[in-house]
Amino acid sequence: LIVFFSNISCLLNNLTLLYTLCMGINSQKTIKEPIEFQGIGLHNGLKVNLCLKPAEVDSGIKFKRIDIESPKNIIEASYKNVSSSALCTKIKNAHDVSVSTIEHLMAAFYGEGIDNILVEIDAPEVPIMDGSSFDFVTAIKSFGTAEQNKPKKFIKALKKIEIKDGSKYISIEPFENDLIIDFEIVYKNQLIRTRRKEFKLSNGDLSSIYNSKTFCLYEDIDQIKSMGLAKGGSLENAIVVKDNKILNEDGLRYRDEFVNHKILDCLGDLMLAENRIFGHIKSSQGGHQLTSTLLKEFLSNKSNWEFANSEEKQKNNKDKTYLDPIAVNA
């Protein structure tokens, strides 16, 4: 009996140690100190100053338009606040104050595990930088992150939800303790063509996703500009494809850069779920609009998901309201 109880005590100590280590890995995070950026907006062409600031536990991600009078200038980074998904993701608060092209910055937050941060910005669009998340990620890694004394919030998919728009498609289905994004692009252009890639967040190395630049077809530029967009676009911040040629002198960074960038956009848009997601995302010819629609369909019904954290799960079960199952969009 003495040996038995000794073994049980040892096991409990090991489990306690394991739990402590896991809590450390899965603790909420913010940044250690403010980080400043300058650049131009891809679509409005305006010069912009942006400053990332540490934030308290459970405060989430908030944008603060410092060019607008407080308190109307705070915009919560939530799928509920998405107001437009035309060639970028735009969020807006109840006072019609907005910020757009947030997806590359949000993808950096997702990949680097940032849960709580204040984004101060003096213009209505996040700077495009080089067209990827590279500058944001490099700075966050350089300045460092700070663990906070509370676990991250994870939600896991309980059933498959899918959205269809003609030949375009996106879905989420259950997958334990990880996020997978399986993305396919389909272009008539002979250089881009049809490409597909599966990205698993737990694999660790996100470099090829972070560093992949936004792209467009040369023949689409006039139409995009006629919409009042891409005023700040150039070969410095976007890959331009004309027929079977890359117009940028330095070419592609990766062979699969086009689909990599679509995964980057998807990852950034998923950060608007306000919680980390355990699930398997599959998409063909998707984009900001489909991802936004999926989040709204998936998260609006609490029978589609549950918190993976036991504490949050208990809270959720207390006020859980089961609605009619959401029909599949066709």
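For every chain, the first residue of the written sequence is number 1, and numbering continues from 1 onward in sequence order. Local features in this predicted model are restricted to residues whose pLDDT is 70 or higher, and side-chain atom pairs enter the listing and the counts only when it is 80 or higher, whereas totals over whole chains, interfaces and linings include all residues. Note that the side-chain values use all heavy atoms of the structure and ignore hydrogens as well as water.

J.: Honestly, the overall build of the protein chain in this entry has me stumped. Any pointers?
T.: Secondary structure assignment for the protein chain yields eight helices and 20 strands. In the protein chain, which comprises 330 residues, the share counted as buried stands at 48%. Only heavy atoms enter the contact rule, under which two residues are in contact if any of them lie within 4.5 Å. Sequence separation of at least 24 residues holds for 70% of the intrachain contacts in the protein chain that already meet a minimum separation of 6. Accessible surface computed for the protein chain: about 16600 Å², of which carbon and sulfur atoms make up 51%. Note on conventions: DSSP H or I runs of at least 4 residues are helices, E runs of at least 2 residues are strands, and numbering of each starts at the N terminus. Buried means the residue's accessible area, taken with a 1.4 Å probe over protein chains only, is under 20% of the maximum for its type, while exposed means over 50%, and partly exposed covers the values in between. All accessible areas in this document rest on Shrake-Rupley with a 1.4 Å probe, and a residue is counted as covered only by the protein chains that are shown.

J.: Quick question: what am I supposed to make of the pattern of salt bridges here?
T.: Where side chains of opposite charge bring their charged atoms close, a pairing between them can arise. Here a salt bridge means any side-chain nitrogen of Lys or Arg lying within 4 Å of a carboxyl oxygen belonging to Asp or Glu. A full pass over the atoms with the stated rule returns 12 salt bridges. One salt bridge in this structure joins Asp96 and Lys92, with 3.6 Å as the shortest N-O distance. With relative accessibility at 58%, the residue Asp96 sits in the exposed group. A salt bridge links Lys152 to Asp115; its shortest N-O distance comes to 2.5 Å. Taken together, the positions of Lys152 in the loop between β10 (145-151) and β11 (154-157) and Asp115 in the loop between α2 (103-111) and β9 (117-121) put the pair 37 residues apart, joining distant regions of the chain. Classification of Lys152 as buried rests on a relative accessible area of 7%. When its relative accessible area of 14% is taken as the criterion, Asp115 is described as buried. Because the salt bridges share partners, they merge into one network encompassing Asp58, Lys150 and Lys153.

J.: Explain the sheet that holds strand β17 (residues 239-242) here, please?
T.: Consider a sheet: its strands pair through backbone hydrogen bonds, and that pairing is either parallel or antiparallel. Any two strands with at least two DSSP-identified bridges between them are counted as paired. Pairing in this open sheet of three strands is mixed, and the strands run β16-β17-β18 from one edge to the other. Each of the sheet's edge strands pairs with one partner strand only, and the pair in question is β16 (215-217) and β18 (245-246). The sheet contact formed by β17 and β18 spans two bridges and is antiparallel. Paired with Lys242 across the bridge in β18 is Lys245. Sitting on the sheet, helix α6 (residues 257-270) touches β16, β17 and β18, and the angle it makes with β17 is about 135 degrees. Orientation is described by axes fitted as lines to C-alpha atoms, over the contacting stretch for helices, and by angles from 0 to 180 degrees between their N-to-C directions.

J.: Hey, could you run me through the environment of Gln285 in this one?
T.: Of note, Gln285 is situated in the loop between β19 (276-284) and α7 (288-299). Gln285 gets classed as partly exposed once you look at its relative accessible area, which sits at 24%. Expressed as a C-alpha distance, the spacing of Gln285 and Ser167, which sit 118 residues apart in the sequence, is 7.6 Å. Those residues in contact with Gln285 that lie beyond four places of it in its chain are Ser167, Lys168, Glu184, Val186 and Leu290. Counting of polar contacts relies on pairs of N or O atoms within 3.5 Å, with two restrictions inside protein: one atom must be capable of donating a hydrogen and the other of accepting it, and residues adjacent in sequence are counted only when both atoms are side-chain atoms. There is a polar contact of 3.3 Å between the side chain of Gln285 and the backbone oxygen of Ser167.

J.: Even after reading the chapter, I still don't get the environment of Ile74, so can you show me in this structure?
T.: Take Ile74: it is sitting in strand β5 (residues 74-76). Remark: the alpha-carbon pair of Ile74 and Asn93, spanning 19 residues in sequence, is separated by 7.3 Å. Ile74 has contacts with Lys62, Phe63, Lys64 and Asn93, leaving out every residue within four places of it along the chain.

J.: Is there a simple way to think about a nonpolar patch on the surface in this case?
T.: To count toward a patch, a residue needs a relative accessible area over 30% and no salt bridge; like charges are then connected within 9 Å, while nonpolar side chains (Val, Leu, Ile, Met, Phe, Trp, Tyr) are connected within 5 Å. A contiguous nonpolar patch, built from Tyr218, Leu235 and Leu247 and spanning about 260 Å² of accessible area, is present on the exposed surface. Looking at where Leu235 falls in the secondary structure, it is placed in the loop between α5 (221-226) and β17.

J.: Would you mind going over the nonpolar core with me for this structure?
T.: One broad rule of soluble globular proteins: the nonpolar side chains tend to lie buried together. If you look at the biggest cluster of nonpolar residues, it comprises 70 residues, and the most contacted ones within it are Leu52, Phe63, Phe109 and Ile181. Ranked by the residues each element gives to this core, the list is headed by α6, at seven residues. Sequence-distant contacts of Phe109, that is, excluding residues within four places in its chain, are made with Leu52, Ile61, Ile114, Ile117, Val119, Ile140, Met271 and Arg276. Residues belong to a common nonpolar core when they are buried Ala, Val, Leu, Ile, Met, Phe, Trp, Tyr or Cys residues joined through side-chain atoms within 4.5 Å.

J.: Can you walk me through unusual backbone geometry in this structure?
T.: When glycine is set aside, most residues are seen to have a negative phi, and most peptide bonds are trans. For the bond running from Ser70 to Pro71, omega is 5 degrees, close enough to zero to count as cis. Here Pro71 is to be found in the loop between β4 (61-65) and β5. Here Leu87, not a glycine, exhibits a phi torsion of approximately 65 degrees, which is positive. Inspection of the secondary structure assignment puts Leu87 in the loop between β6 (82-84) and β7 (90-92). Note on Leu87: relative accessible area 45%, which makes it partly exposed. Here Met129, not a glycine, exhibits a phi torsion of approximately 55 degrees, which is positive. Structurally, Met129 can be placed in the loop between β9 and α3 (134-143).

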